[in-house]
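Okay, here's what each chain looks like letter by letter:
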Amino acid sequence: MRLTAALALMLCCVAPSALAAERGSRARVSANGLYSVRMVDTGVGTCRLEMLKENGPLWSADVCVGTVDDLYFASNDGEKVWVLYPLVEKGKAPAGKKKRGAGLSWARVMVAAQFDRAGQKLQEKRLTELMTTKQLSEVRQMAHHLKWLEGTLGIPGKGPRLTDAGVLEFEPVGVKTQRLTF
């Protein structure tokens, strides 16, 4: 009995360190094939955005700009990253007076952002910038989250991709192709 208790106590102490192992997103290659980018989850609330070259790391930034489940795309010069967030938390209505269009507050969420090598946000795109009010009915709403991107999370369609010219192309549900440039 004592051996079982001691073994259980030892496993409790070892398990947290085993769970703290780094997890990384899928590395995605730039259009010219020179760079790849990925997000590494290094522990609770700590992350690292990494830009890699064939011979090793080019740069890294100790910032959490997404999760390992988000989609990362590298520019052809290895200096910038676009992040697409296929599963986003619904927006909340602003406190105070109820304004016209407040019923669409769930759709005013950031779904894409561009970052530089220091992890600074250069620009962002909200769902309402990519879709018209009529097209928003195509968005898959769950209790607290939205699924909006074709080719991801079980939504049929072409997945996001980089063109040979280094342009990020993707299709929000029910919308024609959108393009983001570095």
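Since the structure is predicted, the reported quantities are computational estimates derived from the model, not experimental observations. (Residues numbered from 1 in each chain as written. Predicted model: local features only at pLDDT ≥ 70, side-chain atom pairs only at ≥ 80, totals over all residues. Heavy atoms only, no water.)

Undergrad: Report on the packing of aromatic side chains, specifying residues and quantitative values.
TA: Counted according to the given criterion, the structure contains 1 aromatic pair. Centroid distance Trp148 to Phe170: 5.9 Å. Interplanar angle 85 degrees. Geometry classified as edge-to-face. Of the two residues, Trp148 sits in the loop between strand S12 (145-147) and strand S13 (161-162) while Phe170 sits in strand S14 (residues 168-170), which places them 22 residues apart along the sequence. Phe170 gets classed as buried once you look at its relative accessible area, which sits at 0%. (Phe/Tyr/Trp six-rings, centres within 6.5 Å; stacked < 30°, edge-to-face > 60°. Helix = DSSP H or I, 4+ residues; strand = E, 2+ residues; numbered from the N terminus. Buried < 20%, exposed > 50% of the residue type's maximum accessible area, 1.4 Å probe, protein only.)

Undergrad: Quick rundown of unusual backbone geometry? Include the residues and the values.
TA: The backbone of Leu153 sits at a positive phi, close to 50 degrees, despite the residue not being glycine. Counting through the fold element by element, Leu153 comes out in the loop between S12 and S13. Residue classification places Leu153 among the partly exposed residues on the basis of a relative accessible area of 41%.

Undergrad: Outline the pairing of strand S9 (residues 110-116), supporting the account with residue identities and numerical values.
TA: Within S9, 6 of the 7 residues are buried, which leaves it mostly tucked inside the rest of the structure. Here strand S7 (residues 80-84) runs beside S9; their pairing, made up of 5 bridges, is antiparallel. For Lys80, the partnering residue across the bridge sits in S9 and is Asp116. Here S9 runs beside strand S10 (residues 121-126); their pairing, made up of 5 bridges, is antiparallel. When the sheet's bridge partners are listed, Met110 is paired in S10 with Arg126. Where S9 folds back on S10, the antiparallel hairpin that results is connected by 4 residues, among which Gly119 adopts a positive phi of roughly 85 degrees. (Pairing = 2+ DSSP bridges.)

Undergrad: Break down the pattern of salt bridges for me, with residues and values.
TA: Within this structure, the stated rule accounts for 9 salt bridges. The salt bridge partner of Glu50 is Arg38, with a shortest N-O separation of 2.8 Å. One end of the pair, Glu50, is in strand S4 (residues 46-53); the other, Arg38, is in strand S3 (residues 35-43), and 12 residues separate them in sequence. A relative accessible area of 10% places Glu50 in the buried class. Residues Glu124 and Arg126 are paired through a salt bridge, measuring 2.9 Å at the closest nitrogen-oxygen approach. What makes Glu124 partly exposed here is its relative accessible area of 27%. Note on Arg126: relative accessible area 30%, which makes it partly exposed. Where salt bridges share partners, they join Glu22, Arg38, Arg48 and Glu50 into one cluster. (Salt bridge = Lys/Arg side-chain N within 4 Å of Asp/Glu carboxyl O.)

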